[in-house]
Amino acid sequence: MTETRQLLKYLNPDAIARIAAVGFKPLDRVEGGLVGNHRSPFHGFAIEFAGHRQYVPGDDLRHLDWKVFFKSGRYYTKQYELETNFLAHILVDVSSSMTFAHRHGRKLDYAAFMAVALASAVTAQGDQVASALFADDIVTSFPPGGSEEVAINLSRALAETPVKDSTAVGRILTQLAERIGRRKVVFVISDFFGDVNATFDGIKRLLYGRNEVILLHVLDPLELDFDYPGRVELVELEGPGRLRLEGRNIRESYNAAFGKYLDDFETRSRKLNVDCIRCVTSANFGVTIAKYLNTRALTRGGRP
Amino acid sequence: MNVLNLGALWGLLFLAVPILLLFLLSRKTLVLPWAAYEWMRESVINHRRQFEITDLLKLFSKLLLLLALTLFSARPFLTTRGQGGNLILVVDVSPSMNARLENGTRLDQAKRIAADVVERHDGAVALFTYGAKLDPVIGSFTTDKGVVKAELARVRGGAGYDGATRLIEQVRASPLFRTASRVMVLGDFQACWYGEGGGIAKALETLGARFPMVWVQVDPRSAPDNVAVTDVAITPEGAFLGRPTFFEGALRNGLSVATGDRVLTVSVDGHIQQRPVFRLEGGESRRLPFSTTFRTPGWHTVKLELDNDTLPADNVHYAAVNVPPALNVVAVVPASQRGAYPADLYVKTALGSVLPEASLNYRSVSPLEFESLHLDSIQVVMLFGLALTPGSRLSKQVESYVRQGGGVLAFLSAAQADEAIAVGLRSTPVSGPSTLDPRRLEGTWGNFLLAPGLKAESMRFKKVATLAGLAPDEVRLVSTAGPVAAVRTNGQGRIAVVGFVPVPAQTSLPFNPNFVQLLLRMVWETRNWTTLVHDHGMSSGQVVTVDVKSDRAYALLDEQGVSRSLTVQGNGSERRLSLPLDLPPGLYSLREDGVERTQFGHNPDPGDSVLEPVTSKTLEPAKEKGLIYTDANSLDKLVSRRDFGWLMIGLLLAALLLEVYAHFLRKRR
């Protein structure tokens, strides 16, 4: 019973249903291994006619357009749009910084709920999900799969995997870009507290492979607004640092500095045409993702 | 600064406040594992300087607050240079210090202020009282404040006051003065005593260059109300047995506004005679007449008493009246003037009309009879138209009589020159009518004619002899022709010389209704009877005016029979009796070897009845010599110990300002 509860720890049916109801459609063509509902960059033989090309020896004679042959006496082969499924890579940051919690639970738990919900929703619409937990390196990874087992495995891994001290999002994304090939969908769930330049270098590397990258920026409300007036001793989660300070003294300067970081991060994301969703742990994650997907569908046509 | 007191120890408890705050705050520190550490560290580094300034400001603010709290609890004080050290504290105990205030008398107020000064003074204190003289209460400097306060509580009011300059002189003479760093006098400093700033300035000069002398006014009201009985007087015709004797009680309103109905109770020999009701305008003085008839010779007492007011001490005035026995008069009339209308006819008739038969023994003799007459029982000898030729038997007899204390009233013949040569006077006959000079009535027997309705011109002379060789104070009547009456003392007696004989041939006086009064005045002064005996308060060394013999014992007996011995001071003719300085007002009998010599009424000083304080402007010359005239409200500047009240408020304000500035600084970031 306990094990089952551990397995299903991050499965939230309500959120999954909410996300699945909206669905996720990649913005660009994707390269999938199976036939699916999404446009592929490749042409094939399917229902939707795409055009003609001159017959070359070796072509399947079943696709010769005899009507054209009879009219023109030349051999042309009919071509059709290829529809395929897509592979979504869900990367979850399990570094120490994700364990921060103040009043609304750990960011890591919030990220886990989102990852599992996304995985469930994507697999539910017939697409495949590969997932990985990372910190300064890939900690755990799961191969692509299209069954419910993907979400369950991810949930279990998130529940069991110990957190790591530091983060290297940029390096992980670069590694992933080299490994996953082209035209995939990559969800990165992290607080992105690391080298921002390296992070965006990784993102650029992914984009170079025409992958669609979606950043889910998980933040605690206290990180956005340091609204703690009393004395506080801050212990660095990914280092040995300690700071003793008066909350009311530092609030405004910290908020300004952190706000500047967020603005910079989101501006750079926009410039790369990468969706960056600010996920605040005080909000319902299902609602947050569903709202994003709805907006995305309405404004950019990303509807399945 | 001296903070080593009980309050300071309590104040030290406040030092625990920051420790407790630190402890409490450290307990409340939240330890928070923090993810966005990079930005937090960046903020701290970037604003470290401002944080330090803000923290410093807040720290200062808290320190100031704590300091203010400590000061509030400890009440420390500053000792101003030159204001600590030995303080001579003088409390005025004069009768005016009995004036009532809202919470007790002026003396009570002075004692309260003195106790406060003692408490706040950082040094030794000596305590004196000053009434009729400077009296040591604590005659050496002591730092035991408890002793000083205890002695202060025992200070009582005294009698008399000796003035500001005498006070300064006595302070200067005190052996403590050499080691004193300041003299502080607490009193009421009435304008009547302290009005002469120049004299006080000179006295202050004796203390040394700008020696700090502080006068603390305990009752700074500008016009405290007080009605006083300042005097009682007997009219110049004197007191005769069986005849109404007329008195005047002098009243003074020290208030600047009118009084309501006030009652003066006049008692003679302890029996209430009259209770006149009066009202006085602001600052008005008035004499209220009253009369009584004495039936027995000897001493009688008169007491005038007002209902209560601000200063009860001056509401009573005592006097003793010595009524002479029956008047024995010998009239010496020459044979030439002893006809049907003898020269003394009108005098005898006048005396007989005002004095009862039992009070007057009148005998008319010839010069020859007079020369052989035994004069021991004779009180007044009257000479009518007789020449006092030097060396004559008559002159010798008169001179001998006067020297032994007798009284002679010589009516010179207006037609005869140089008749008064025997007493060193010269007379010059003046023919033609003249009258009493209305311009020269003041100080003479005729001054009663200054009263409304009476005229000096009604006293006319047909012939008169004017007198020459007179001292101004000897003149008693002045006609338009010149002085016509004089009194000269010779030995123990007096001789009055009059330049006319009161007969119709020479003057209209015998038919003037005021002649009787004039005649009584002549007799009274000639006899030199001391009828009304009283004083107007004591100054240092006030003398009882009696002949003092060195081999006799003198004592004072009061109404309750309590005796006080008096010592004879001085030698020879300078021998005198001084009244004790602490003698309370009342009626006293002076005994010489147990035998009564005189009685007298002893009274508060009328000067102490004017409660008006001296103005600061009047004392300007004295201030230039180092005098500080102030009141209790300004005492903080003068006592050596200064509280930190304002500093405390300043600290609180500074703390508030720092806190506000720190707040704005934080906001600006």
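Residues numbered from 1 in each chain as written. Chains lettered and ligands numbered in written order. Predicted model: local features only at pLDDT ≥ 70, side-chain atom pairs only at ≥ 80, totals over all residues.

Moving on: the overall build of chain B. Scanning chain B from terminus to terminus reveals 15 helices and 36 strands. Taking all contacts inside chain B whose residues are at least 6 apart in sequence as the whole, residues at least 24 apart take part in 76%. (Helix = DSSP H or I, 4+ residues; strand = E, 2+ residues; numbered from the N terminus. Contact = placed C-beta atoms within 7 Å.)

Another point: the interface of chain A and chain B. Contact with chain A, which involves 26 residues of that partner, is made by 24 residues of chain B. Those elements that place two or more of their residues in the side of chain A that touches chain B are β8 (231-236), β9 (242-246) and α9 (247-271) of chain A. Here the side of chain A that touches chain B gets 8 residues from one element, more than from any other, and that element is α9 of chain A. Partitioned by chemical class, the residues of the side of chain A that touches chain B number 14 nonpolar, 6 polar and 6 charged. Where β8 of chain A and strand β1 (residues 30-34) of chain B come together, 5 bridges link them in parallel fashion. In the sheet register, valine 235 of chain A faces β1 of chain B, and the bridge partner there is proline 33 of chain B. (Nonpolar A, V, L, I, M, F, W, Y, C, P; charged D, E, K, R; others polar. Pairing = 2+ DSSP bridges.)

Let's shift gears to the nonpolar core. Judged by nonpolar contacts, the single largest core of 93 residues is most densely connected at Val332, Met382, Phe384, Ala410, Val497 and Val498 of chain B. It is helix α13 (residues 515-527) of chain B that contributes the most residues to this core, 7 residues altogether. Non-local contacts of valine 498 of chain B, meaning those with residues more than four positions away in its chain, are made with Leu409, Ala410, Phe411, Leu412, Val484 and Ala485 of chain B. Of all hydrophobic cores here, the second largest spans 87 residues; its members include Tyr10, Ile16, Val185 and Val218 of chain A. (Core = buried A, V, L, I, M, F, W, Y, C linked by C-beta atoms within 7 Å. Buried ≥ 20, exposed ≤ 12 C-beta atoms within 10 Å, placed from the backbone.)

Further remarks concern the pairing of strand β26 (residues 493-498) of chain B. Residues and elements named next belong to chain B. With 5 of 6 residues buried, β26 lies mostly within the body of the structure. Where strand β21 (residues 407-411) and β26 come together, 5 bridges link them in parallel fashion. Paired with valine 408 across the bridge in β26 is isoleucine 495. When strand β25 (residues 482-490) meets β26, the two strands line up antiparallel, connected through 6 bridges. Following the sheet pairing, threonine 489 is matched in β26 by arginine 494.

All right, on to the sheet that holds strand β34 (residues 595-602) of chain B then. All names here are of chain B. Ordered in space as β30-β29-β33-β34, the 4 strands form an open sheet in which the pairing is antiparallel. Strand pairing shows two members of the sheet lacking a second neighbour, β30 (563-566) and β34, which therefore form its edges. Between one strand axis and the next, the sheet turns by 25° as a mean value, whatever way the strands run. (Axes fitted to C-alpha atoms, helices over the stretch in contact; angles between N-to-C directions.)

Residue and element names in this part refer to chain A. An ideal rise of 1.5 Å per residue puts 36 Å on 25 residues; α9 measures up with 35 Å between its terminal C-alpha atoms. Of all the bends in α9, the greatest, near 30°, is centred on serine 253. Listed in full, the buried residues belonging to α9 are Asn249, Ile250, Ser253, Tyr254, Ala257, Phe258 and Ser269. Phi turns positive, to about 60°, at asparagine 273, one or two residues after α9. (Expected span 1.5 Å × (residues − 1). Bend = angle between axes of the 7 residues up to and from the residue.)

Residues and elements named next belong to chain B. A residue-level look at chain B finds 89% of positions with pLDDT of 70 or above and a mean pLDDT of 82. Between the elements of chain B, mean pLDDT differs from a low of 52, seen in strand β2 (residues 78-79), to a high of 93, seen in strand β24 (residues 475-479). Interface confidence for the predicted complex, given as ipTM, is 0.79, next to a pTM of 0.51. (pLDDT = per-residue confidence, 0-100.)

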